[in-house]
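Here's the letter readout for the chains.
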Amino acid sequence: MAAPVILNATAKHSATVIFLHGLGDTGHGWASAMGEVSLPHIKVICPTAPVMPVTLNAGFKMPSWFDLTSLEVDGPEDTQGIKAARDNIHQLIAQEVQSGIPSSRIMLGGFSQGGGLALYSAFTHKEPLAGVIALSCWLPLRAEFPQGATGNTEMAILQCHGDCDPVVPYKFGQITSCLIKKFAPNIDFKTYPGMMHSSCESEMKAVKEFIRARLPSL
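Predicted model only: the values in this text are computed from it and were never measured.

(A) Representation of the state of the cysteines. Overall, the coordinates contain zero disulfides when judged by the stated rule. The thiol of Cys164 is not disulfide-bonded; the next cysteine sulfur, from Cys200, is found 12 Å away. With no disulfide of its own, Cys178 has Cys137 as its nearest cysteine by sulfur position, at a separation of 14 Å.

(B) A look at the side chain of Glu203. With respect to the secondary-structure elements, Glu203 resides in helix 5 (residues 201–214). Buried charge Glu203 goes without a salt bridge, the closest partner of opposite sign being Lys190 at 10 Å. In contact with Glu203, not counting residues within four places along its chain, are Leu135, Cys160, Tyr192, Met195 and Ser198.

(C) The arrangement of the packing of helix 1 (residues 28–37) against helix 5 in detail. Taken N-terminus to C-terminus, the directions of helix 1 and helix 5 make an angle of 55°; their axes are 9 Å apart at the nearest point. One finds that helix 1 runs oblique with respect to helix 5. With respect to the hand of their crossing, helix 1 and helix 5 are arranged in right-handed fashion. Residues Trp30, Ala33, Met34, Glu36 and Val37 of helix 1 form the contact with helix 5, whose own contacting residues are Met204, Val207, Lys208 and Ile211. Of the residues in the contact of helix 1 with helix 5, the class split is seven nonpolar, no polar and two charged.

(D) The arrangement of the nonpolar core in detail. With 41 residues, the main nonpolar core has Leu108, Leu119, Phe123, Val132, Ile157, Ile180 and Phe183 as its most contacted residues. Those elements that place two or more of their residues in this core are strand 2 (15–20), helix 2 (79–98), strand 6 (106–111), helix 3 (113–123), strand 7 (131–135) and helix 4 (170–183). Ranked by the residues each element gives to this core, the list is headed by helix 3, at six residues. Excluding its chain neighbours within four sequence positions, the residues that come into contact with Phe123 are Leu139, Phe145, Gly148, Ala149, Thr150, Gly151, Asn152, Met155, Ile157, Ile180, Phe183 and Ala184. Listed in part, the 28 residues of the second largest apolar core include Val5, Ala15, Phe19 and Ala206.

(E) How the structure looks around the environment of Ser217. The residue Ser217 is located in the segment after helix 5 in this model. Taking the relative accessible area as the measure of exposure, Ser217 reaches 53% and is therefore exposed. Note: C-alpha distance between Ser217 and Lys205 (twelve residues apart in sequence) is 18 Å.

What counts as what
- Residues numbered from 1 in each chain as written.
- Predicted model: local features only at pLDDT ≥ 70, side-chain atom pairs only at ≥ 80, totals over all residues.
- Heavy atoms only, no water.
- Disulfide = S-S within 2.5 Å.
- Helix = DSSP H or I, 4+ residues; strand = E, 2+ residues; numbered from the N terminus.
- Buried < 20%, exposed > 50% of the residue type's maximum accessible area, 1.4 Å probe, protein only.
- Lys, Arg positive; Asp, Glu negative; His and termini not counted.
- Salt bridge = Lys/Arg side-chain N within 4 Å of Asp/Glu carboxyl O.
- Contact = heavy atoms within 4.5 Å.
- Axes fitted to C-alpha atoms, helices over the stretch in contact; angles between N-to-C directions.
- Parallel < 35°, antiparallel > 145°, perpendicular 65-115°, else oblique.
- Left-handed = near helix turned anticlockwise from the far one by under 90°.
- Nonpolar A, V, L, I, M, F, W, Y, C, P; charged D, E, K, R; others polar.
- Core = buried A, V, L, I, M, F, W, Y, C linked by side-chain atoms within 4.5 Å.

Rendered as structure tokens:
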């Protein structure tokens, strides 16, 4: 992976947010937006996915956390790639823990493919995390759940989706929310009328409030 974009805490560092971009983007794509909703004691890490051929885009190479073959509800998934990407995110968490930040003060987040990876990484991480911000996304390898959830079934999850999303359809978000609620009930699913596969001011306000509530200054 390319070097992540890092926004260091401007006060004493006591919490970290790791935010994962969507397909074809880089860590720079979300760094400024996350910086605006962060707090002085929080370090923000926006990694960039490795460049790989993406089947969904006719094999064109672009930053992608794992291969995508379809955006159908029951389409085939890149199991090996998803788990390898998850391992990389777990490694980022471990590095923050080694630097002195407890896992319970580390939050994952992401948009689209990155949001899916954030959810999958959290539910397969045994140590407690502060929460997940899941924007315009779905839960990868959902057939593994609830059995596959080895941790973080009590953490808070903010899931947001636009009801006019033409890329990751709104119904995918609804299916994901309903499934997660069965084994991780502390999930808040917010709908943004008219929003497409993007973000909006009111959504980012909700993200800021979620971070403030879950990662207060010590």
